[in-house]
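# Survey of secondary and tertiary structure
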Amino acid sequence: MGSVDFDGVGMTSQRTRGRLVQRLKDQGITDQKVLDVIRVTPRHLFLDEALSHRAYEDTALPIGHAQTISQPYIVALMTQILLSRGPLKRVLEIGTGSGYQAAILAQLVDEVYSVERIKPLLIKARSLFRQLRLRNIITSHSDGGVGWSENGLYDGIIATAAPEQVPDELLYQLAPDGLLVIPVGTGEQQELRLISRQGDTYKFEEEVIERVRFVPLLGGTSR
Ligand code: SAH
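The structure presented is a predicted model; accordingly, all values stated were derived computationally and were not measured. (Residues numbered from 1 in each chain as written. Predicted model: local features only at pLDDT ≥ 70, side-chain atom pairs only at ≥ 80, totals over all residues. Heavy atoms only, no water.)

## Describing helix α5 (residues 119-131)
Over its 13 residues, α5 runs 19 Å from end to end, which matches the ideal 18 Å to within 8%, given 1.5 Å per residue. Listed as buried for α5 are Leu121, Leu122, Ala125, Leu128 and Phe129. Projection of α5 onto a plane perpendicular to its axis shows the buried side chains occupying an angular sector of 125 degrees, all on one side. Buried-residue contacts for α5 involve β1 (61-64), β2 (67-69), α4 (100-106), β4 (111-116) and β5 (137-141). (Helix = DSSP H or I, 4+ residues; strand = E, 2+ residues; numbered from the N terminus. Expected span 1.5 Å × (residues − 1). Buried < 20%, exposed > 50% of the residue type's maximum accessible area, 1.4 Å probe, protein only. Arc of directions from axis to C-beta. Contact = heavy atoms within 4.5 Å.)

What follows is the structure, encoded as structure tokens:
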């Protein structure tokens, strides 16, 4: 597991971060490991300087290319759900974006594989992972709608962009008892779903967590 070296990046007061963590607790985030990792991860580094003063507000913010860094509550919720059945070795994230969600996961699981279709976003995120010495994040510039099948099966898959329907490819890249956390639907109509593979069968159970609003999962890649 990686751990963030926060020497020299502690520009934001502990009090500001403490307030964010308290807010997440108030909204029902109970996993202390998740709360601790959010507290030590410098979200301001994942934003453009002009927006970094808002980094510890519980809100989604633009990161360019018509994309957004997810709201901390949603990051915490999805991470908590993914970890709810025990420790995970290998996790796939679809939609690296700013890299914030991947950075959180990298401190809680052994390996994070993250794919992004917009090249400049990925380049920025990669340089942050290096700066924060998060060496267990492996990235790819590709269309995550078909998963990333070269790495074998994943204990967990998390999608941070919403398809209209769950792609079968993602289901078939889940390890036995693996979990998929994914927003599904269009526009205002999305719901966050937890899909769990039943043992080593190809049966999947589905649970709706809550209404959410993510950017759409798009096909292909862009330079
Ligand atoms: N996890 C990100 C959230 C970024 S928003 C963060 O913490 O900042 C969702 C991201 O998904 C966007 O960057 C978008 O470009 C990307 N995306 C959308 N469709 C995709 C696809 N098919 N494959 C890979 N990435 C995709």
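## Remarks on the sheet that holds strand β8 (residues 191-197)
Taking strand neighbours across the sheet as the criterion, the seven strands line up as β5-β4-β3-β6-β7-β8-β9 in an open arrangement whose pairing is mixed. Strands with a single pairing partner mark the edges of an open sheet, and in this sheet they are β5 and β9 (204-211). Direction aside, neighbouring strands of the sheet carry axes that sit 15 degrees apart on average. Inspection of the sheet shows strand β3 (residues 90-94) paired to β4 by five bridges, in the parallel sense. Looking at the pairing, Leu92 lines up with Tyr113 of β4. Of the strands in this sheet, β4 and β5 are in contact with α5, which crosses β5 at around 165 degrees. (Pairing = 2+ DSSP bridges. Axes fitted to C-alpha atoms, helices over the stretch in contact; angles between N-to-C directions.)

## Some remarks on the site of the ligand
By nearness alone, 27 residues border the ligand, and Ser98, Glu116, Asp143, Gly144 and Leu218 come closest of all. Gln101 is positioned with one of its backbone polar atoms (N or O) 3.1 Å from an oxygen atom of the ligand. Here Thr160 contributes a side-chain N or O atom positioned 3.1 Å from a nitrogen atom of the ligand. In the complex, 99% of the free accessible area of the ligand, which totals 580 Å², lies under the protein chains. For the shell around the ligand, the secondary structure elements donating two or more residues are β2, α4 and β4. Tallying contributions element by element places β2 first for the shell around the ligand, with three residues. A class-by-class count of the residues in the shell around the ligand yields ten nonpolar, 13 polar and four charged. (Near = heavy atom within 4 Å. Polar contact = N/O pair within 3.5 Å; in protein donor to acceptor, adjacent residues only side chain to side chain. Areas by Shrake-Rupley, 256 points an atom, 1.4 Å probe, with all protein chains shown as cover. Nonpolar A, V, L, I, M, F, W, Y, C, P; charged D, E, K, R; others polar.)

## Section: the packing of helix α1 (residues 14-26) against helix α2 (residues 32-40)
One way to put it is that α1 packs onto α2 with a least axis distance of 9 Å and a crossing angle of 150 degrees. Taken together, the axis directions place α1 and α2 in an arrangement best described as roughly antiparallel. With respect to the hand of their crossing, α1 and α2 are arranged in right-handed fashion. Across from Gln14, Arg17, Gly18, Leu20, Val21, Leu24 and Lys25 in α1, the residues of α2 making contact are Gln32, Leu35, Ile38, Arg39 and Val40. The residue inventory of the contact of α1 with α2, partitioned by class, reads six nonpolar, three polar and three charged. (Parallel < 35°, antiparallel > 145°, perpendicular 65-115°, else oblique. Left-handed = near helix turned anticlockwise from the far one by under 90°.)

Any link to function would need more than the numbers given here.
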